[in-house]
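Structure at a glance
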Number of protein chains: 2
Amino acid sequence: MHGRGPWWREKFDQHCVRITAAREIVVNILHETDEHLSASDIYMKAHAISPEIGLTTIYRTLELLEQMRIVQKFDFGDGQARFELLNNPGGKGHHHHLICVKCKKIIDYKDFIDEEINCLGKTQDFLSQKYNFQINDHLVSFYGLCENCRGGER
Amino acid sequence: MHGRGPWWREKFDQHCVRITAAREIVVNILHETDEHLSASDIYMKAHAISPEIGLTTIYRTLELLEQMRIVQKFDFGDGQARFELLNNPGGKGHHHHLICVKCKKIIDYKDFIDEEINCLGKTQDFLSQKYNFQINDHLVSFYGLCENCRGGER
DNA sequence: TTTAAAATGAAAATGGTTTTCATTATTATA
DNA sequence: TATAATAATGAAAACCATTTTCATTTTAAA
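Residues numbered from 1 in each chain as written. Chains lettered and ligands numbered in written order. Predicted model: local features only at pLDDT ≥ 70, side-chain atom pairs only at ≥ 80, totals over all residues. Heavy atoms only, no water.

**Remarks on the confidence of the model for chain A**
- Of all residues in chain A, 91% attain a pLDDT of 70 or more, and the chain-wide mean is 86.
- Across chain A, element-level confidence peaks in helix α3 (residues 39-49) of chain A with a mean pLDDT of 97 and bottoms out in strand β6 (residues 134-145) of chain A with 87. (pLDDT = per-residue confidence, 0-100. Helix = DSSP H or I, 4+ residues; strand = E, 2+ residues; numbered from the N terminus.)

Shown next, in the form of structure tokens:
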């Protein structure tokens, strides 16, 4: 967006949070993947880069990033939290989810998102006023059965 | 909706799942609340009605209800799953969420929902076709800071 | 009834996540 | 620079929501 340094640096500044090697590595890992990584997924990737990083730090970093709204934490129902970099709604990487309740497959979709964003934007304006909320982002997920799981339900 | 018995009975039939006292109690507890109950919340309420019901059964029942799409499981980030009866999108009880990322307060809103549902409906049609998905329901949540938590972020 | 399948409770195990605590690194200040 | 104050870290232990095990009971079917 701006010239100097990655976009998330200014969020660190705003929150008076130090930019450390470990934190940089975690953000980069999330930046480079399009998967929904769990804490231990991230730990393993980080460990490959810098073996002295502990799992505890991964958890702590993720919690921090979540609080700063740099990262969104998800529960897709498989027993461990998963994390995604949080892009601006309307921004390039922003997407919504299509989740199969049977096999837990997740499709990230961006189709049709313009109309959705437009409509959600109006909703957001309405809600922020009515409830005096500062809304930063949103989450939209559709649940159902994927191609493979249809016809043999339960 | 129909005359004979609660609406969820036919879902049990469809899935060949027995209607037991414990299961009936759990559904009723969820039906009578407008809160987001955790498994142990439900356990305590159930226990007050029928003390022999075990926590294990509560968990098992909730999982079953989730699979049958009678109940939606949520992770609001406080370390335990929370459960809501799943009403038809567009139906009376259907709502979306407004979540404060700081104090974790959750507002269930129904305002503006007609426009949203309308737009989401179009999206849903588009997605089911494109990805050959049978979409049953959806989840919409806005994240931000509530009235009280603004101005003192982090 | 009788039998097979499903549901249940109590206790134990699991495993993702958090805490604790001693150590190290970073920033601010003199 | 030194130096002090604060923040970040790793390893191990603790935590605690959720699952599994297993013996028993309940339910539906024949």
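Now that the structure has been shown, the text picks up again.
**Some points on the pairing of strand β6 (residues 134-145) of chain B**
- Of all the 12 residues making up β6(B), 10 are buried; the element is thus mostly covered by neighbouring parts of the structure.
- Here 11 bridges tie β6(A) to β6(B), and the two strands are oriented antiparallel to one another. Bridge assignment links Leu139(A) to a residue of β6(B), and that residue is Ser141(B).
- Note that strand β4 (residues 96-100) of chain B and β6(B) share four bridges and pair parallel. Across the sheet, the residue bridging to Cys100(B) is Gly144(B), located in β6(B). (Buried < 20%, exposed > 50% of the residue type's maximum accessible area, 1.4 Å probe, protein only. Pairing = 2+ DSSP bridges.)

**What to know about the pattern of salt bridges**
- On inspection of all chains with the given rule, the structure shows eight salt bridges over all chains.
- For Glu24(B), the salt bridge is made with Arg9(B), and the minimal N-O distance between the two is 2.7 Å. You can see Glu24(B) sitting in helix α2 (residues 21-32) and its partner Arg9(B) sitting in helix α1 (residues 9-14), a full 15 residues away along the chain.
- Judged by its relative accessible area of 26%, Glu24(B) is partly exposed.
- Arg9(B) gets classed as partly exposed once you look at its relative accessible area, which sits at 29%.
- Members of the salt-bridge network, linked through shared partners, are Asp41(A), Asp78(A) and Arg82(A). (Salt bridge = Lys/Arg side-chain N within 4 Å of Asp/Glu carboxyl O.)

**Topic: the sheet that holds β6(A)**
- Spatially, the six strands line up as an open sheet ordered β5(A)-β4(A)-β6(A)-β6(B)-β4(B)-β5(B), and their pairing is mixed. Strands with a single pairing partner mark the edges of an open sheet, and in this sheet they are β5 (106-109) of chain A together with β5 (106-109) of chain B. Taken pair by pair, the neighbouring strands of this sheet meet at an average axis angle of 25°, ignoring direction.
- As judged from the four bridges shared by strand β4 (residues 96-100) of chain A and β5(A), these two strands associate in the antiparallel manner. Paired with His96(A) across the two strands is Tyr109(A), which belongs to β5(A).
- Helix α5 (residues 113-131) of chain A contacts β4, β5 and β6 of chain A together with β4, β5 and β6 of chain B of the sheet and is inclined by roughly 130° relative to β6(A). (Axes fitted to C-alpha atoms, helices over the stretch in contact; angles between N-to-C directions. Contact = heavy atoms within 4.5 Å.)

**Examining the packing of helix α2 (residues 21-32) of chain A against helix α4 (residues 55-67) of chain A**
All names here are of chain A.
- One way to put it is that α2 packs onto α4 with a least axis distance of 10 Å and a crossing angle of 70°. Between α2 and α4, the angle is such that the two are roughly perpendicular. Between α2 and α4, the residues in contact are Ala22, Arg23, Val26, Val27 and Leu30 and Thr57, Ile58, Thr61, Leu62, Leu64 and Leu65, respectively.
- Looking at the contact of α2 with α4 residue by residue, the class counts come to eight nonpolar, two polar and one charged. (Parallel < 35°, antiparallel > 145°, perpendicular 65-115°, else oblique. Nonpolar A, V, L, I, M, F, W, Y, C, P; charged D, E, K, R; others polar.)

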